[in-house]
Structure formats: C-alpha cells, structure tokens
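Fold and geometry: a report
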Number of protein chains: 2
Amino acid sequence: MERNEVELQYKWDLSLIYKNQKEFDKDLNKAKNILKVLTDMKDSFTDTKENFLKFNQESVHLSRLLNKTYVYAHLNTDVEPENQTYQYLLSSILAFSQQVSNALDFVELEIIKNKEQVKDYLTDDQLKVYQFNIENILREEKHLLSQEMETLLSKVSSISNTAENVFEAFRLDYEDVLVDGEKKTLNSATLSEFLKNKDPKVREMAYHNFFKEYKKYENVFAAMLSGQMNKDAFYADVRKFPTPLSASQWNDDVPEALFYKILEKANKQYRPLFHRYNVLKKKILKLDTLHNYDLNVPLTDDITKKYTVEECWDIILDVVSVYGEEYINIIKQARQERWIDFYPTKGKRIGGYSSGCYDTRPYILLNFIGEYDSLSTMIHELGHSAHTYLSSKYQDPANSDYRIFVAEVASTVNETLLINYMLDHASSKKEKAYYIYEFLENCVGLIFRQPMYAEFEDTLHKWASNHEPMNASRITDLYASLNKDYYGEAVELDNLAGHSCFYIPHFYYNYYVYKYTLGMTAALAIVSRIRNKTEHQIENYLSFLKSGGSMTPVELLKKAGIDPLEDSIYDDAFHYFEELLNTFEELMED
Amino acid sequence: MERNEVELQYKWDLSLIYKNQKEFDKDLNKAKNILKVLTDMKDSFTDTKENFLKFNQESVHLSRLLNKTYVYAHLNTDVEPENQTYQYLLSSILAFSQQVSNALDFVELEIIKNKEQVKDYLTDDQLKVYQFNIENILREEKHLLSQEMETLLSKVSSISNTAENVFEAFRLDYEDVLVDGEKKTLNSATLSEFLKNKDPKVREMAYHNFFKEYKKYENVFAAMLSGQMNKDAFYADVRKFPTPLSASQWNDDVPEALFYKILEKANKQYRPLFHRYNVLKKKILKLDTLHNYDLNVPLTDDITKKYTVEECWDIILDVVSVYGEEYINIIKQARQERWIDFYPTKGKRIGGYSSGCYDTRPYILLNFIGEYDSLSTMIHELGHSAHTYLSSKYQDPANSDYRIFVAEVASTVNETLLINYMLDHASSKKEKAYYIYEFLENCVGLIFRQPMYAEFEDTLHKWASNHEPMNASRITDLYASLNKDYYGEAVELDNLAGHSCFYIPHFYYNYYVYKYTLGMTAALAIVSRIRNKTEHQIENYLSFLKSGGSMTPVELLKKAGIDPLEDSIYDDAFHYFEELLNTFEELMED
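What you see is a predicted model, and the numbers here were worked out from it, not measured in a lab.

**Here's the deal with the overall build of chain A**
Within chain A, the secondary structure is distributed over 24 helices and seven strands. Taken against the 2.2 N^0.38 rule, which gives 25 Å for 590 residues, the C-alpha radius of gyration of chain A at 24 Å falls within 12% of a compact globule. Expressed as lengths along the three principal axes of its C-alpha atoms, the size of chain A is roughly 75 × 55 × 50 Å. Split into buried and exposed, the 590 residues of chain A put 59% on the buried side. A separation threshold of at least 6 residues defines the contact pool for chain A, and within that pool the share at least 24 residues apart is 76%. Roughly 24000 Å² of accessible area belongs to chain A as shown, and the carbon and sulfur atoms make up 47% of that amount. A distance of 2 Å separates the average location of the 67 positive side-chain charges in chain A from that of its 92 negative side-chain charges.

**Things to note about the relation of the copies chain A and chain B**
Between the two copies of this chain, the relationship is a rotation about some axis together with a displacement along it. For the pair chain A and chain B, the relating rotation is 180°, the translation along its axis is 0.1 Å, and the fit reaches an RMSD of 0.0 Å. Such a combination of rotation and displacement between the chain copies is what one expects of a two-fold axis. When the interface residues of chain A are mapped onto chain B, 100% of them are again interface residues, pointing to one common binding face.

**Quick notes on the UniProt feature "domain: Oligopeptidase F N-terminal" (unreviewed entry) in chain A**
Within this structure's numbering, the places UniProt gives as "domain: Oligopeptidase F N-terminal" (unreviewed entry) are residues 114–169 of chain A. The distance from the first to the last C-alpha atom of residues 114–169 of chain A is 43 Å, and the span holds 68% helix and 0% strand.

**What about the interface of chain A and chain B?**
Frequently, the measure chosen for interface size is the accessible area removed from exposure when the parts meet. Counting residues at the interface gives 48 residues for chain A, matched by 48 residues for chain B. The junction of chain A with chain B conceals about 4100 Å² of combined surface from both sides, 65% of it contributed by carbon and sulfur atoms. Counting across the interface, chain A meets chain B through four salt bridges. For Asp173(B), the salt bridge is made with Lys216(A), and the minimal N-O distance between the two is 2.8 Å. The interface formed by chain A and chain B contains 10 residue pairs in polar contact (both at pLDDT 80 or more). Of all the secondary structure elements, the ones that give two or more residues to the side of chain A that touches chain B are α3 (84–103), α7 (147–160), α8 (162–169), α11 (218–238) and α20 (472–487) of chain A.

**What about α3(A)?**
Counted at 1.5 Å a residue, the expected span for α3(A) with its 20 residues is 28 Å, and the 28 Å between its end C-alpha atoms agrees. Backbone nitrogen of Thr85(A) and a side-chain oxygen of the N-cap are separated by 2.9 Å at the start of α3(A); the cap is Asn83(A).

**Concerning the environment of Tyr277(B)**
On the secondary structure map, Tyr277(B) appears in helix α14 (residues 271–285). Look past the residues within four positions of Tyr277(B) in its chain and what remains in contact with it is Leu299(B), Tyr437(B), Leu440(B), Glu441(B), Val444(B), Phe577(B), Leu581(B) and Phe584(B).

**Quick look at the sheet that holds strand β5 (residues 353–355) of chain B**
All names here are of chain B. What the three strands build is an open sheet, ordered β4-β6-β5; its pairing is mixed. Single-partner strands in this sheet number two, and they are β4 (340–341) and β5. Looking at chain direction, β5 and strand β6 (residues 363–365) are connected through three bridges and run antiparallel. Among the inter-strand pairings, Ser355 is bridged to a residue of β6, identified as Tyr363. Relative to β5, helix α2 (residues 49–79) is tilted by about 150°, and along the sheet it contacts β4, β5 and β6.

**Description of the domain arrangement of chain A**
All names here are of chain A. Assigned domains of chain A: these are domain 1 (1–153), domain 2 (158–162 + 223–243 + 272–300 + 426–586) and domain 3 (307–402). Relative placement of domain 2 and domain 3: their C-alpha centres are 22 Å apart. Tallying the contact residues gives 16 residues for domain 2 and 17 residues for domain 3. When domain 2 packs against domain 3, the two sides together hide about 1400 Å² of surface, and 63% of this comes from carbon and sulfur. When the area that domain 2 buries against domain 3 is broken down by residue, the three leading residues are Leu545, Lys546 and Gly548, summing to 37%.

**Quick look at empty space enclosed by the protein**
Over the atoms, a rolling probe the size of a water molecule traces out where space has been left empty. Enumeration over the complete set of coordinates arrives at one cavity of 30 Å³ or more. Looking at the largest cavity, its volume works out to about 30 Å³. Taken together, Ile159(A), Ser160(A), Asn161(A), Thr162(A), Ala163(A), Gly227(A), Lys231(A), Ile159(B) and Thr162(B) make up the lining of the largest cavity. Residue assignment for the lining of the largest cavity shows that the elements contributing at least two residues are α7, α8 and α11 of chain A. In terms of residue class, the lining of the largest cavity is built from three nonpolar, five polar and one charged.

**Quick notes on the pattern of salt bridges**
Pairs can form between side chains of opposite charge once their charged atoms are near each other. Residues and elements named next belong to chain A. Summed over the entire model, instances satisfying the criterion amount to 69 salt bridges over all chains. The partner of Glu182 in a salt bridge is Lys184, with the nearest N and O atoms 3.9 Å apart. Because the salt bridges share partners, they merge into one network encompassing Glu193, Lys196, Lys306 and Glu371.

**Brief notes about the sheet that holds strand β5 (residues 353–355) of chain A**
Residues and elements named next belong to chain A. Strand order across the open sheet formed by three strands is β4-β6-β5, with mixed pairing between neighbours. Strands at the two margins of the open sheet, each flanked by one partner only, are β4 (340–341) and β5. The pairing of β4 with strand β6 (residues 363–365) spans two bridges and is parallel. Bridge pairing links Ile340 to Ile364 in β6.

**A closer look at the packing of aromatic side chains**
Summed over the entire model, instances satisfying the criterion amount to 123 aromatic pairs over all chains. A ring pair is formed by Phe167(B) and Phe221(B), whose centres lie 6.4 Å apart and whose planes are at 75°; its orientation type is edge-to-face. Residue Phe167(B) is located in helix α8 (residues 162–169), and its partner Phe221(B) is located in helix α11 (residues 218–238); the two are separated by 54 residues in the primary sequence. Each of the two residues, Phe167(B) as well as Phe221(B), counts as buried. We note Arg474(A) situated over the ring of Trp463(A); from NZ or CZ to the ring centre the distance is 3.8 Å. Here the basic side chain of Lys32(B) rests over the ring of Phe96(B), its NZ or CZ set 5.7 Å away from the ring centre.

**Some thoughts on the side chain of His387(A)**
Residues and elements named next belong to chain A. Among the secondary structure elements, His387 is positioned in helix α17 (residues 372–394). A relative accessible area of 0% means that His387 is categorised as buried. Among all residues touching His387, those that are not within four sequence positions of it are Tyr402, Val406, Ala407, Ala410, Phe544 and Leu545.

**Considerations on helix α16 (residues 325–336) of chain B**
Residues and elements named next belong to chain B. The terminal C-alpha atoms of α16, which comprises 12 residues, lie 16 Å apart, in line with the 16 Å expected from a rise of 1.5 Å per residue. Of the surrounding elements, those touching the buried residues of α16 are α15 (309–320), α17 (372–394), α18 (404–424) and α22 (537–545). One or two positions beyond α16, positive phi appears at Arg338, with a value near 55°.

**Overview of the packing of α11(A) against helix α7 (residues 147–160) of chain B**
Taken N-terminus to C-terminus, the directions of α11(A) and α7(B) make an angle of 160°; their axes are 8 Å apart at the nearest point. Considering the angle they form, α11(A) stands roughly antiparallel to α7(B). The way α11(A) lies across α7(B) gives a crossing that is left-handed. Contacts between α11(A) and α7(B) involve Gly227(A), Asn230(A), Lys231(A), Phe234(A), Asp237(A) and Val238(A) from the former and Leu152(B), Lys155(B), Val156(B), Ser158(B) and Ile159(B) from the latter. Residue composition of the contact of α11(A) with α7(B), grouped by class: five nonpolar, three polar and three charged.

Criteria and cut-off values
Residues numbered from 1 in each chain as written. Chains lettered and ligands numbered in written order. Predicted model: local features only at pLDDT ≥ 70, side-chain atom pairs only at ≥ 80, totals over all residues. Heavy atoms only, no water. Helix = DSSP H or I, 4+ residues; strand = E, 2+ residues; numbered from the N terminus. Rg over C-alpha atoms; globule rule 2.2 N^0.38 Å. Buried < 20%, exposed > 50% of the residue type's maximum accessible area, 1.4 Å probe, protein only. Contact = heavy atoms within 4.5 Å. Areas by Shrake-Rupley, 256 points an atom, 1.4 Å probe, with all protein chains shown as cover. Lys, Arg positive; Asp, Glu negative; His and termini not counted. Charge placed at Lys NZ, Arg CZ, Asp CG, Glu CD. Least-squares fit on C-alpha atoms with pLDDT ≥ 70 in both. UniProt positions renumbered as here; feature names shortened; annotations may be inferred. Buried area = accessible area lost by both parts, 1.4 Å probe. Salt bridge = Lys/Arg side-chain N within 4 Å of Asp/Glu carboxyl O. Polar contact = N/O pair within 3.5 Å; in protein donor to acceptor, adjacent residues only side chain to side chain. Expected span 1.5 Å × (residues − 1). Pairing = 2+ DSSP bridges. Axes fitted to C-alpha atoms, helices over the stretch in contact; angles between N-to-C directions. Domains from an automatic or database assignment. 1 Å grid on protein atoms, 1.4 Å probe; cavity = no way out; pocket = protein on both sides within 12 Å on 5 of 7 lines; lining within 4 Å. Points joined across faces, edges and corners; volume = space filled by probe spheres on them. Nonpolar A, V, L, I, M, F, W, Y, C, P; charged D, E, K, R; others polar. Phe/Tyr/Trp six-rings, centres within 6.5 Å; stacked < 30°, edge-to-face > 60°. Lys NZ or Arg CZ within 6 Å of the ring centre and 35° of its normal. Parallel < 35°, antiparallel > 145°, perpendicular 65-115°, else oblique. Left-handed = near helix turned anticlockwise from the far one by under 90°.

Next up, the structure:
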C-alpha cells in the first residue's frame, strides 16, 4: 500500500512536534548556541556551584532539543525512507549529535577530576535532580581513560556505527508467494501471515522465498554482523571490561550472573517444556513432518478473529481500566491526538516500536494487519508510551529517560493483562483454548526464543573478543545448531534456518534480547499479583511507571515489587507456562 | 558461465602457491611462531646490532608468509566467493594479520625512541637493505602518538574496515537486457558490451537496468561510502594531518600541490578538449540527443575486431619485444605457468587486477570477453605482473614491494605501447582511425574521467572532515553536477548518472584514482621517448621496473627519466591527445 492511500486517522500526527522544517531548524540552531555556551564553560563549569548548576541546566536543555529534533527526523524517515528531505534532517541531526558528543567529551573527566567539589555541590537542593546521573558518572571512573584517549575514542564513534547504518539502510525485496494460484506480496509483515496458512506449500514457499534472500546476501550480512560484534568487543576492550557482556551490563548496574541465570533457566532447565509443546503441536496438526516453518499454524483455527483499529482501542481501554483514571486518559489521548502510525506501507520500517521524548508525544509505529498479534503489539507499544508519558510527567527532564533494561516490563505487563482479559471473556472452551494458545505462543517468543538468541549473540561476541574469524558459514552453522537444540527432536529444521539470524535487527543492539525474557518474567509476577489483588500492587506498579530513570533498574523493579536477582520469579514464570500447557492439552483432547 | 565449464588453460594455477590447505596451514603456523619470537624481543630488539638485525630478518619473513597466505586465500575467494573453505581461510588470515598488527604496534615507537642507536646500526652493511624502510619509520615521528594511543588506534582497525568489507561482499543482480528480442544477462562485464550496441534501446535499457539497482540500494551505498570517508577523515585527524588528502599523500612522500595541479590541468585547463571530442562524437553518430550512455558506441564500427586469448598472447609478445629478452621471457612464463584467470564466471569478482608477492607468481584476474579492451587490460595487468616479477628478482624482499603511486606506470606504458603497435600495423585509414579512436577512449578514461572522480572523492572527504551530513541525495546530486560539467553541453545526462558513483570501487581506496592520471601522463612521456629512441630510455625504464620500493616514488620515476613535479609532462600529454584528436577528425571527414 502507498502511504497516501492511508486515511489520516491511521497515520501519526507529527505536526504536533514541528509544523514545518523552519521550526526544526530553529530548534537545531538553538541547540548549536547552547553547545557554544557549554564548551565556553569547559574550564570553569565545576568552579562554583552556580556555574555547575547552570552547566547542568543547559546540558539538559541541549539533550531535550537533540531528542526532539531526532525523534521528528527519525519518525518521518521510518515511514518515508525515500523522502530525501527527512533523510537530510536525520543525517544533520546525527552529524550534530556526533559533534556534541565530541565537543562535550571533557564533561565526565572534569567531573571525576573535581569529584570532592562536585559531591559537595550535590548537597544543594537545586542540584538534587542531577544527583543520580552525576553519581553514575562518578561510577565510571575506573573505565575512563586519559583526556587524550577519550578524545580519540569519541572520534572513533564517527566510524563505529557503519555496520548498523548499513544494516538499517538495507531493505530486501522478496519473490511473491502463490496462495490459491494467486501471487501475493511477501514482506516482513506478511511473512507471519503466510506462516499461519493451512496450506503447507504456502508456508514452505513463504519461508524459502523470504530467507533465500538472506542466503543470497549472506556475505553482506556476515560482514555487517561481524562488524557490529567487533565494535562491541572493541569498546569493551578499550574500556577495560573483561567481556563485551560485562560492558553492556555495567550500564544497567546489573551483575553478569543474571544473564547466565536466565540462559540456564530457559535454555537448559525448562527447555523440555518447550519441546513438549512442539510434540503436542505435531500431534494436533497431524503432520508427518513438522518443519520449523509449520510452528505458527494456529492450533485453534475456529476462532481466528480479525480486529479493526477501533475494536482494538475499545478492548485496550477496557484492559487498562484496572490501572485507574490516569492511565485510561493517556490511552484516550493517544487515540485522539493520533500518536500511532498503523498500517504497513511501501518502504516503511518493519516491526513496531514506541518512540518519543520529554518534549514530544510518545509515538508508536505499527505494521497493523488486524490479527490478534496486531492488537497485542498495539497494547505492548502503548505500554511503552504510557511509561514514557508518566515518566515525563512526574520526573524532572534530567531523570525522565528510563533504561531499556526496565522498558520491557511496561509493555509485557500490558500484553499479559490483555491475554488474561481475553481468557476471562472467553465464551467457550474453544475460545479459551485459543487465547491460552496465543498466550503460550507469546511466552515461547519471550521466555524460550529470546534466551536462545541471547546465547547466539553471546557466542558471536566471544568470537569477536578472541579475534576469531566470523564468515557467513560459521555464523549460520552456529545458528542452525542452536536452533536444532532449541526446537528439539519433533521439529525438522529447514536448511535456511541458519540464515534466519540475519533477519533479526536485535543482534545489532548489543545484548538487548535477554531483557525481553526478564521483562516477561517480571511481568508475569506483576500480573499475577494484580489479579490476586495483592495490596498496593497497582499503586507500586504505577509508581514504577512514574519513576523514569531516577534510580538503578534493580531499584526500580523493586519499587514495582519485583527482585530480578531472585530465582523464584523465573521458576514461577516457567511453572505458569507449564500449568497453561497442561490446561491447553486437556482442552484440546476434549 | 559456471567455473567448471572453463578449460583449465584459461584458469590460473594457484597450486603453484599451495598444493593443499595443509601447506597453507603450515605457513600460517610458521607465521604464528615468528610472531611469538618478535613479541618476545619487544624490549630488546634495539639493544644490540645483532638483535636488531635478527628482528628485521624475522619481520620480513613474517611479512612474506602473511603475503603468501593472503594472496592464496584472496585469489581463490575472488573466483569462488561461495566456497566457504576459502572464505574461512581468508577470514583466518585477515584475523591473524589484525593480530600481528596489534601485537607489533610497538615497533615504530621503539625505533623512534632509540633513533640515534638505530641510525648507527644502519651504517652496518648487513642492515643496508632495511635502511630505506627504517628511514620511512623515522619520518613518521611527528604523526605518531603515545604508546597507549597507538595501542588504542591499532585496535580501531578491527572496526574501521566494515564499510569496505560490506562493499566487497555486496554483489547485485541485474535485470536482463533485450537484444533483438532475446534476453541477455547483464553484469559488470557485459554492461560495457551493451553500451557499445548500435541499437539505442539496448544501450538505454542496459544503462537503466544496471544503475537502477544502485538507486534501489542508494541508502545502503550512501551508508557504506560515507562510512569509508569518515574512516579516512578519522585517521587523518588523529594522525595530525591537516586533511585526509595530505594524510594519503604523506605515505607516498608527495606534495599536496601535485594533486590539485592534476585537477587544474584536467578539469579546467584542458577539459574543453574533451568537450570538443564529445561534440565530434555527436556529429559522427548522427544522434539528435547524445546521452551519456551513448558515448561508448564505437565511432569506427567497420573494424570491430575480436581476439582469442591466443592471439592476445602473440600480439603482447610482439609489443613487449621492444624491452628485450628478459621481459619477453616473463610473458612466456606467465603463459606457460597459467598466471591468468581469463573468463567471467558466476560470482567472480568484476574488473581486472594483478596480485602477487615475493613468494608467489604475480597472478592476474581478468573478465576477458575478447574485445580490444580485453587485450588492452591483459597487457595492462601483465605490466603490473612484470613489474612485480622484476622487483622481486632484483630487490631484497625488504624492498621489493612497490607503492601504488608508481604501480600504474608499468601498466599504462604497456597499454600505450600496444596502441602505438596497433597504429603502426594498421593496413588502412579506417583501421588507423579505429586505433586512434581506441587510444582517445583510453586517454579519456585516464586523463579526463579519473581527475573528475578525484574531485568527487576530494569533496566527500572534505564533507567527512567537516562532519557534514552525507545522505544518498547529497552524494548523487554532487556526482550528477560534476558529471554535467565533465561531459559538457553536447551530452544529455541521464537521471541515473548521479547514482553511478556507487558502482566504482575505487572510492573505497582513499585517493587512488588521480594516480591513474599521473601514471598515464608519465607513460605517454616514456613511450614517446622509447619511440624516439632516446638514449638509455629502455635501460632506464627497466631499471625502474627492477627497483621495487627501494626509494621514494618521485626518485623512482626520475630513475625512469620522468619528473612528476614538472608541468611539462602534463602539458605534453594533453597536447598529444589534441594532436591525435586532430588527426582523428581529419580521418573521419574523408
């Protein structure tokens, strides 16, 4: 579909950010002036409390302008990648951000150098809002290098993003898929639809037509992916971290052991549960051979519902009513102000996300096709957006940004509440089975598949750290072998399965995927307590959503009532999965 | 064509390097042991003359092994990119080279630190062969950073090649071209054939089908190309060079003014000559509109000859007979030992090159299609190979490698001699016109087009240095505008012309292209002296070919009788072009 064929109400309203390029340019110029002010204070900003306050205020102001202009440029580019004006705005803001980061590379070192003085300033009430971030800077001391080394390192950032930039720009075309003799367009959004088709030939063709393109360009993808791994290994090395994993986790102030605990639970201890689910699928689908591309065929085909955008809004409003007035009003505002860009259009970025900042609405990009999955993604992204909205409302701009580590909780709690809502409102055994099935599928993605991704990513990072060669065949062999163990014996792995790793953008995000697993696990605990009407749970959870990035992720989660370092939340999650699997098996046997 | 359909005699014989992977592995292990020896000497290699000698000997030995294994892996990969074993060997040797460069990052600093001692050692006869290279290291002093900065910088190399790696791995597929109703395969090798077709529709279709792929992936190419420019700007900046150009030229010990002199001569002073040639083309071809993709249509279609590989060998032997016995025998050996891989096959690297080292034959990759251009490329690459062969024979391995700056002379002299030979042997006016035409085309490529490329590349580097945004539209707009001035008013520029920059690999080679212009200009002078039987010219030229990299490029060229800093060689070249253009115009008017 072309973008101009979409009705206005289904496209986001970015004019709420800037009415025109003039307003964008004005903010960019304002930012440039502030940068001048900040660099002029280079040698004096820690001299007096007044200077230090002014410097922090101006810094935050600069960040806000950078964020706002960036959000405007990237949202527009993601829906209109061919529009060269937006591409130009985006590269302008990226180039300027680069310049800012180079020009301000002195800040952290100066603060550390004058740490006693700075700690003293922080006792002042006016500086309280900057305390958490400045303490995080002081924590960096042992990973910081000399001023000249830091200057060099900040220059490296001009070349270190090449792999990701190329990956972002790389859009493939796929051969059409024959459905009932008719040619249908294949792309990222329609692939999942084809993989649910009852006709095994459609599934096979869709899977092959899709992933053969990744095989065709395997050397390109291998070069991009290894470029990314080398980048992560490089920064970990020069910043004196023992591993890229520890470097990634240091930012979140989380122990390395947490990562391996999640892998141990999901990839070893509880994986037999997933294998059992696959055996059940094979039985229900009555297939002689269950290929990995057969696993998305609905097991409960009678109740394959379609939802309009309007129906989705109504359901979501009902689901979030449990949170009370304030949350409900956010969702209403999102609808009214058009925060969401719904439909897949030509060239539009794949997947879904929520993106915004203190000075913009928290916008949402979707590729809405009206299945349950679309509804689920919509409430997921609205979870992020509500989190951003509440954090911006209740926190000072210095502390409103939350880390990705806690981000997935807000979205996954919503998804899980939605499933529970659907189960509660099911009018028949069949319908109940359908929603349990959807829930199981959702769980598989987050508590089984993501940890497998994490293991893959961890191995690639280790190769990079050891300077081991990383060509297409070594990468795809590894991925195929991990998939074989992952799916278990009931599933016949396709020859292209090893190449499907090249499709997943998260491998460019430096240890992101395991955070989904943690988010899901935490969410299951939160939801179960909400449903059990545990005292203060709603209150605690909303207070978490309002806290932005004002404390460490572990502290934030504890605020929501969850300790991610405890074994029990993982065990509870997998046992909940097992319970639902038991119920599902019974329902399907009837 | 599939590789196994090509007769053995037309494929290079890489078994002369290694018979099997075991031999490759043996050398790689040997290299690893030498690296151990060298790093063990880290603190002692400048202590005594004996240590210093041993260190240099082992260093050269290590380089030889690295070169030999690399040549083996990359030649094999270039003809069989799908072969994962070769891809693996290639990444192994690249990863090990990276490791070597990291492990030996102390060498230059140590030599500079102990420069007085080292200079004293160099007076010893046994160390004479290392003198030139060590003096080059001493010259680096003001661009070297502290030890910890150098260590960091050597680690950066693990990520700085991503843009080039991705570009190398990126092979496009092109839509077929209709020729007389028949579908023909379009690729880099056949494109030039289609652009010579008499049917304007074939030319248009070939050009559009080819370059629309570059438009389709314009954001990918822009990301790769800007990644490369940022890399060059990064290294120039941290190494304290005023511009990326000066950094690139510093290695060749050549003044920056030389670059701009070439651009001034070719892009300003003498460009009207090229425009005049285009006006003549339009007249001869009797076209209402002369598109840029019409410029390759032969003006002298009567004598469009085809050459077999065997005919090419015979002609080349005749051409090089002017150099005497030794050169002739090299060509005979190349033929007998199968140094050349002739035909385009599926997936094979495009273009042509000569590649080899002290311990291998100087192999040649071609995409031979039997036109005059193929013959010309063949003698061009054989020029490089003979240069490599003679330098390896007459120089110590420490000094045999010549710089790319002088490399193009050896090849272009051969090309120019070939043209002259063809002219001398022409049996009719028409044939004479044909070869002058070929010569003019050749000149256009080297003395007009390459300097236009150079200007493009210089502008991109300036953008990168200034951290200016570099998106697809800005890049292609620049290239289109340079092309408009370049072709002149007689030529109608196609809308895709701006995108053709993405096709040219040389933009990834950091200011390489202007060296072609210099090579051609020098070659014209050398050839004219050879033809005028200037005393000692053959002798001087052969002595240049035997000198490898034993002195600076300017000194080497002077050895061949040419001073690249003098205006006159450029003026002579363009006047020679003008003279031939006059003759050609007369011949065509008859």
